[in-house]
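Okay, here's what each chain looks like letter by letter:
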Amino acid sequence: MPRPPDLAKRRQLLERIHDYVIRNGLSGLSLRPLATELGTSDRMLLYYFGTKERLIAEVLAMDDRRPLLRIRDRLDAAGPPGDAAAMRRLMEEVWQLFTAPDVRASFPLHVEVMADSLLHPERYGPVMHNALTQWTDLLASTLRGTGMPEDRARIHATLLVGAVFGLQLAPLTNDRWDHATAAYRDLLDCLEPAWCATGDTR
């Protein structure tokens, strides 16, 4: 009977793989050079992760889960926002989490995976779909808690998730994070009046 994988070692490997991929990107990524860099073998990487695609999916999930879990923990501790001002503070926090240095450093990798998933949806399409769906579902549920109808909450959540991801693209090239933050806050200004319109289905 084969011995089960050492979960602690697997976690350590995943952290080191994360750092390697952030530094080097996905283009031309091969398991053998990666294994050499890590002081292991490609067979051992396959033992722990199964396939290269699954390995990359887990690397991406590490970054996606960090802000997602922080927001979920916040909602569990404080409950859903009860008014527009509380919802605004929550959405400001979402932006701050996604643009924090540790998450921001990995965003070029997400852009690379997004592009690859469009050309080769069988590789990373489910990874990006799951990440976007989790965020959209969480925000839609939170907006429904303010009294917003389901369909409108889903539209606002889709817009907010798209803005959080999309507004990070330009600063990767021009480093104008202040402009991206200002644009995001302008979007919140436009959406905020509707966040406590209980029963408003316009």
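Residues numbered from 1 in each chain as written. Predicted model: local features only at pLDDT ≥ 70, side-chain atom pairs only at ≥ 80, totals over all residues. Heavy atoms only, no water.

(A) Representation of unusual backbone geometry. The backbone of Asp175 shows a phi angle near 60 degrees, a positive value even though the residue is not glycine. Here Asp175 shows up in the loop between helix H10 (169-174) and helix H11 (177-191). Judged by its relative accessible area of 54%, Asp175 falls in the exposed class. (Helix = DSSP H or I, 4+ residues; strand = E, 2+ residues; numbered from the N terminus. Buried < 20%, exposed > 50% of the residue type's maximum accessible area, 1.4 Å probe, protein only.)

(B) Quick look at the side chain of Gln168. The residue Gln168 is located in the loop between helix H9 (150-166) and H10 in this model. A polar atom in the side chain of Gln168 sits 2.8 Å from the backbone oxygen of Val164. Dropping the residues within four chain positions of it, Gln168 is found in contact with Trp95, Phe98, Thr99, Phe107 and Trp177. (Polar contact = N/O pair within 3.5 Å; in protein donor to acceptor, adjacent residues only side chain to side chain. Contact = heavy atoms within 4.5 Å.)

(C) Quick peek at the pattern of salt bridges. Tallied over the full model, the rule gives 13 salt bridges. A salt bridge links Arg11 to Glu15; the shortest N-O distance between them is 2.9 Å. Note that Arg11 and Glu15 are positioned in helix H1 (residues 7-24) at a spacing of four residues, about one turn of the helix. Arg74 is paired through a salt bridge with Glu93; the nearest N and O atoms lie 2.5 Å apart. Taken together, the residues span a long stretch of sequence, with Arg74 in helix H4 (residues 52-78) and Glu93 in helix H5 (residues 84-98) at a distance of 19 residues. Each of Arg88, Glu92, Arg185, Asp189 and Glu192 takes part in a single network of salt bridges with overlapping partners. (Salt bridge = Lys/Arg side-chain N within 4 Å of Asp/Glu carboxyl O.)

Keep in mind these values describe shape, not function.
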